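These are the residues of each chain, in order.
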Amino acid sequence: MAFPSSNTAAFSFDALYRESAADVHSYAWSLLRDRTAAEDVTALAFERAYRRRTRFDADRGSARAWLFAIARNAALDELRRRKRTATLTFDPAAEPEPAAEEGGEPERRATVQAALAALDPRERELVALKFHAGLSNAEIGDLLGISESNAGTKVHRAVTKLRKACA
Amino acid sequence: MSRHHDPTDTLDPAAAGELAALEAALAGDAADPEWAALVAAVRDEAPAPRPRFQAALDDRVAGGFPRARPAWLRVPARRVLPALAVASTLVIGGVVLSTGTLDGNGTDRPFEAGAMGDASSADSASEVAPAPPAAAPPAPTPPAANEVQRRSSAPTSAASGAASAPPPAVPRTLDPSVPRTLNRKVERTTSLGLTTDAKGLQDAADGVVRATQDMDGVVESSQVDSSPSGGEATFVLRVPTARLDDALKRFGELADVARLSQGSEDITGSFVSAQDRLSDARAERKALLAALGKATTPRSIASLRARIRGNRTEIARLEGDLRGLRRRTSLARVDVSLSARGRAADPDAGGAWGPGDAARDALRVLEVLAGVALVAGAVLVPLALLGGGAALAGSGLRRRRREAALGAG
């Protein structure tokens, strides 16, 4: 597949797309818990990023963090638009278990799903930003408008709760 | 995105150690299998993009996210064309109807016919007023007036309007008692405003008088007030109507024309009335003289003589009226006002456009530009502040709503 060249951008949009598409989708799914909505948000996030690619400023952060900021806004807008805030109250039965399709460990995955469901929505988003987006604490802090150490504290708290629930 | 730094906000060393282990596991370099299992479990929990969606998104990215055509552009032409045809027909019909209405209201064409047509033509005048009123004498725009207007250095809009508009030669309401075959008697009046510099005021005033005399006209009144800083002069002139255009041309050569307005008044009714009354008086005189020849008694003779004296006075008065009316038609009234700009003391005044004038003009331009910028700033700055504030408020509100959407669960 040949992607259009993006000479004006300070980064390679093609490379960003290739390395981030699945992660953006996973992040959006984590927030929305709806595969179709996650796909819509993923497509919208990449389209917005493509149209704004000339405005990306590498001095203000990585392209990946910038992309996930766009995806976050798109996902939150989708949540507002669809009045589906209730979906953030995690319901393990809302989606088919991908693990079952992929032949993973059903018990382990059920435990993880239950642990995620026990998290606060904001904590669940922090987990998604850390596990799916792979953002550093500084980037998460930038994204949420908090300090790096504060972001680290919040991430640590959410992960600790997740670990305890999984134990 | 803004980062809020808080120096007192430090991460606990134990927490930092666990986060470091997590980062290692996320990077695929976990020393503790528990962290690696947790990362794998959480990551596997989210479904992968469906192949169909992935392929469609790949195509959109490859195509540079082509924009969809607006809905109104996607309407088939066969649906749009009839609507366009109807709209075009309505527009054309409206234009035709409005044009017909304008042509039929009798306000424009008759005016042109009366004002610009041959004044001696009773037929053309009958178009102006088909009923008893007869043709009006001509009052075409004097060529000299046009020439004068062209020479005007800085005519005001009102002046240009007055100069360009044809003189209302034909009064709208004509005396129905006037026979339509009679030549119209029209009195023409002109008001001319001239400007010159202070030094040239007296020369221009002398030129006005001289030009009037050259045209066999009469200076009915004049007043010249001059001072080193300016002045003005006013004249009431009578110029032969036949030479009015030449006179205006001469006046226009004396100074800059700032204003020119022309008018005319149909006095045919007054003229015919005076003629009729004079004829009646003369017929009465004849009858009185005949009666005096037949009178026998001293009393009747004295009475007739007294009536004849009164009749003679009446005839003299009517003849005077008639002469006055003839004079009004043969001599046009021209009111000339001559004003001097107050630049007599200016050493640069009166000469060609020089560096001083350029500096003044440049300063004036800068003043105007500064004024425009000030007015624009007075309007735009508050608007920009309001817009910026609204944008900030909107951004903050949007951010809060997004966060609220996340936290509502």
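Residues numbered from 1 in each chain as written. Chains lettered and ligands numbered in written order. Predicted model: local features only at pLDDT ≥ 70, side-chain atom pairs only at ≥ 80, totals over all residues. Heavy atoms only, no water.

### A closer look at the overall build of chain A
Consideration 1: In terms of regular secondary structure, chain A is built from 8 helices and 0 strands.
Consideration 2: For chain A, the N- to C-terminal ordering of α and β elements is α-α-α-α-α-α-α-α.
Consideration 3: Counting only residues that meet the buried cut, chain A has 57% of its 167 residues in that class.
Consideration 4: Put simply, 63% of the contacts in chain A that link residues at least 6 apart link residues at least 24 apart.
Consideration 5: With the model as given, the accessible surface of chain A reaches about 7,000 Å², and the carbon-plus-sulfur share is 47%. (Helix = DSSP H or I, 4+ residues; strand = E, 2+ residues; numbered from the N terminus. Buried < 20%, exposed > 50% of the residue type's maximum accessible area, 1.4 Å probe, protein only. Contact = heavy atoms within 4.5 Å. Areas by Shrake-Rupley, 256 points an atom, 1.4 Å probe, with all protein chains shown as cover.)

### Remarks on the nonpolar core
Consideration 1: If you look at the biggest cluster of nonpolar residues, it comprises 68 residues, and the most contacted ones within it are Phe-46, Phe-131 and Leu-162 of chain A together with Leu-22 of chain B.
Consideration 2: Here this core takes 12 residues from helix α3 (residues 63-82) of chain A, the largest share from any one element.
Consideration 3: If near-sequence neighbours (up to four positions away) are discounted, Leu-162 of chain A is found in contact with Ala-115, Leu-116, Leu-119 and Val-127 of chain A together with Leu-38 and Val-42 of chain B.
Consideration 4: One finds Ala-233, Phe-235, Leu-237 and Ala-332 of chain B within the second-largest nonpolar core, a separate group that totals 24 residues. (Core = buried A, V, L, I, M, F, W, Y, C linked by side-chain atoms within 4.5 Å.)

### Structural notes on the interface of chain B and chain A
Consideration 1: With 51 residues of chain B at the contact, the number on the chain A side is 68 residues.
Consideration 2: Summing the contributions of chain B and of chain A, the shared interface buries around 5,600 Å²; its carbon and sulfur component is 58%.
Consideration 3: Applying the counting criterion to the chain B and chain A interface returns 9 salt bridges.
Consideration 4: Of the charged contacts in the structure, one is a salt bridge between Asp-77 of chain A and Arg-402 of chain B, with a shortest N-O distance of 2.8 Å.
Consideration 5: For the side of chain B that touches chain A, the secondary structure elements donating two or more residues are α1 (13-26), α2 (33-45), α3 (51-62) and α13 (355-407) of chain B.
Consideration 6: In terms of residue count, α2 of chain B provides more of the side of chain B that touches chain A than any other element does, 10 residues in total.
Consideration 7: The class makeup of the residues in the side of chain B that touches chain A is 25 nonpolar, 8 polar and 18 charged. (Buried area = accessible area lost by both parts, 1.4 Å probe. Salt bridge = Lys/Arg side-chain N within 4 Å of Asp/Glu carboxyl O. Nonpolar A, V, L, I, M, F, W, Y, C, P; charged D, E, K, R; others polar.)

### Overview of the packing of helix α1 (residues 13-32) of chain A against α3 of chain A
Two measures define how a pair of helices packs: the angle their axes make with one another and the distance between the axes.
Residue and element names in this part refer to chain A.
Consideration 1: As a packed pair, α1 and α3 sit with axes 10 Å apart at the nearest point and diverge in direction by 35 degrees. Considering only the axes of α1 and α3, their crossing is right-handed. Between α1 and α3, the contacting residues are Leu-16, Glu-19, Ser-20, Asp-23, Val-24, Tyr-27, Leu-31 and Leu-32 on the first element and Ala-63, Arg-64, Leu-67, Phe-68, Ala-71, Arg-72, Ala-75, Glu-78 and Leu-79 on the second.
Consideration 2: Looking at the contact of α1 with α3, its residues break down into 11 nonpolar, 1 polar and 5 charged. (Axes fitted to C-alpha atoms, helices over the stretch in contact; angles between N-to-C directions. Left-handed = near helix turned anticlockwise from the far one by under 90°.)

### Things to note about helix α8 (residues 148-166) of chain A
Consideration 1: Between its first and last C-alpha atoms α8 of chain A spans 26 Å; for 19 residues at 1.5 Å apiece the expected length is 27 Å, and the two agree.
Consideration 2: Taken as a whole, α8 of chain A has its buried residues at Ser-149, Ala-151, Gly-152, Val-155, His-156, Ala-158, Val-159, Leu-162, Arg-163 and Cys-166 of chain A.
Consideration 3: Among the structural elements, α5 (106-117), α6 (121-131) and α7 (137-144) of chain A together with α1 and α2 of chain B are those in contact with the buried residues of α8 of chain A. (Expected span 1.5 Å × (residues − 1).)

### Observations regarding the confidence of the model for chain A
Residues and elements named next belong to chain A.
Consideration 1: Confidence in the prediction for chain A averages 81 pLDDT; 80% of positions are at 70 or higher.
Consideration 2: Mean pLDDT per element in chain A: helix α4 (residues 98-102) is the minimum at 47, and helix α2 (residues 35-51) is the maximum at 92.
Consideration 3: Counted against residues more than four places away or in other chains, residues 1-10, with its pLDDT under 50, gives 22 contacts.
Consideration 4: Note that residues 99-103 has pLDDT below 50 and, in this model, 3 contacts with residues that lie over four places away or in other chains. (pLDDT = per-residue confidence, 0-100.)

### A few points about the side chain of Arg-238 of chain B
Residue and element names in this part refer to chain B.
Consideration 1: With respect to the helices and strands, Arg-238 occurs in strand β3 (residues 230-240).
Consideration 2: What makes Arg-238 buried here is its relative accessible area of 8%.
Consideration 3: Discounting residues that sit within four places of it in the chain, Arg-238 has contacts with Glu-187, Thr-212, Gly-217, Val-218, Glu-220, Arg-327, Arg-328, Leu-331, Ala-332 and Arg-333.

### With respect to the pairing of strand β1 (residues 186-197) of chain B
A regular strand places its side chains on the two faces of the sheet in alternate fashion.
All names here are of chain B.
Consideration 1: With 10 of its 12 residues buried, β1 lies for the most part within the structure.
Consideration 2: With 10 bridges connecting them, β1 and strand β4 (residues 256-266) associate as antiparallel partners. The residue bridging Leu-194 from the neighbouring strand is Val-257, located in β4.
Consideration 3: Bridge analysis of β1 against strand β5 (residues 331-341) gives 9 bridges, and the strand direction is parallel. Note on β5: the bridge partner recorded for Ser-191 is Asp-335. (Pairing = 2+ DSSP bridges.)

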